[in-house]
Amino acid sequence: MTNVGTNFGNHKQLSKDPLKNEPNFQTSQDVEEYLQILLQHQGACERAAKYMEAEAAKLRISDLKIQLLQQRKKEMVQSHSQQKSEHERAHMEEFNQFNTFWDQKILKFNEEARSVEQDLLLKQQQDIKTTVDELEATLPYKPKESSELLNLRKIEEHLAKQKNYVEAHQIQIKRSKLEQDEVSNYQSARSAKIKNQVQQMQMRHQNELSALQQRIRAGQDELRKNRSIDLERLLQKYQNLKNELEQQQQMDLLAFDGQFKSKGQPNQSFYRSMQSKVNK
């Protein structure tokens, strides 16, 4: 600290009586620097036997000491308020970062889960198509002729060779009807076989899909649980720091009041402190 202060360095030169040109105080530093000027003025008046001027300076010094304490406490309260605001701002920034991190993590998990599920569905569809194509290619479209059908065909041919066309025609009708029935029954059985195998595959696919979806839900539940745990830690950290800050600020205020006040009056040590600065 300078002997007179940055704001009031030329004050003594401007006026022999600083009481007539008291400045406007913005900070406790302003008040303290002006107090040093008044203490110097008081001492000078005392040495010059200007006791009434010294008395006026003494009274103003007494008032300013109280004003200085009030200003310092006001600045301390303002500083505490700023500390709380900075703490809140830092917490909100960390809280926003926390939400961004977890939102992105959950979003990434869900996107990957949807991709895996979609890949499985496409694979299952392709598996069914491949199986149906293989069955269509390997299962004969028409059945083998039964012994009864073969026998009717031989009889029909024999009757035709014997020029017995009427009986041959009757056997032909019977044989055609039997052949249609056998083909129809075979086609129904063939379609049922393909359908049955497809249904079995679909059941296996549904089980696979259900198992995958269950794993996805378990992963989502785990993410929500971990997010909740981390949030609780974050909030507890915030509360702990807030409590520590409030306790420290309360201790600062108590220490301030204990240092500068005694039974509602400025402590004498404060006056000695100010006087020592002047003597330096």
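In what follows, the structure referred to is the one given above.
Because the structure is a prediction, the values reported are computed rather than measured.

> Summarise the pattern of salt bridges; cite the residues concerned and give the values.
Tallying each qualifying case throughout the model produces 13 salt bridges. Notably, a salt bridge pairs Glu 136 with Arg 190, separated by 2.9 Å at the nearest N-O pair. Of this pair, Glu 136 sits in helix H3 (residues 51–138) while Arg 190 sits in helix H5 (residues 165–260), and the two are 54 residues apart along the sequence. Residue classification places Glu 136 among the partly exposed positions, given a relative accessible area of 41%. The salt bridge involving Asp 230 is made with Arg 233; its shortest N-O contact spans 3.5 Å. Of this pair, Asp 230 and Arg 233 are both found in helix H5, three residues apart, which corresponds to roughly one turn of the helix. According to the relative accessible area criterion, Arg 233 is exposed, its value standing at 57%. Within the structure, one salt-bridge network assembled from shared partners comprises Glu 156, Arg 175 and Glu 179.

> Could you give an account of the environment of Gln 187, with specific residues and numbers?
When you line up the elements, Gln 187 lands in helix H5. As for Gln 187 and Pro 140, which are separated by 47 residues in sequence, their C-alpha atoms are 9.5 Å apart. Here Gln 187 is in contact with Tyr 141 and Lys 142, once residues within four sequence places are set aside.

> Talk me through the packing of aromatic side chains; I want residue IDs and the actual numbers.
For the coordinates displayed, the defined rule picks out two aromatic pairs. When the ring of Phe 98 is compared with that of Trp 102, the centres are 6.5 Å apart and the planes differ by 55°; the resulting orientation is tilted. On the criterion of helical spacing, the pair formed by Phe 98 and Trp 102 is a turn pair, its members being four residues apart in helix H3. Taken as a pair, Phe 98 and Trp 102 share a single burial class, namely buried. An angle of 85° between the planes, with centres 5.6 Å apart, marks the rings of Phe 101 and Trp 102 as edge-to-face.

Thresholds, definitions, all that
Residues numbered from 1 in each chain as written. Predicted model: local features only at pLDDT ≥ 70, side-chain atom pairs only at ≥ 80, totals over all residues. Heavy atoms only, no water. Salt bridge = Lys/Arg side-chain N within 4 Å of Asp/Glu carboxyl O. Helix = DSSP H or I, 4+ residues; strand = E, 2+ residues; numbered from the N terminus. Buried < 20%, exposed > 50% of the residue type's maximum accessible area, 1.4 Å probe, protein only. Contact = heavy atoms within 4.5 Å. Phe/Tyr/Trp six-rings, centres within 6.5 Å; stacked < 30°, edge-to-face > 60°.

Purely geometric stuff here, so don't read any function into it on its own.
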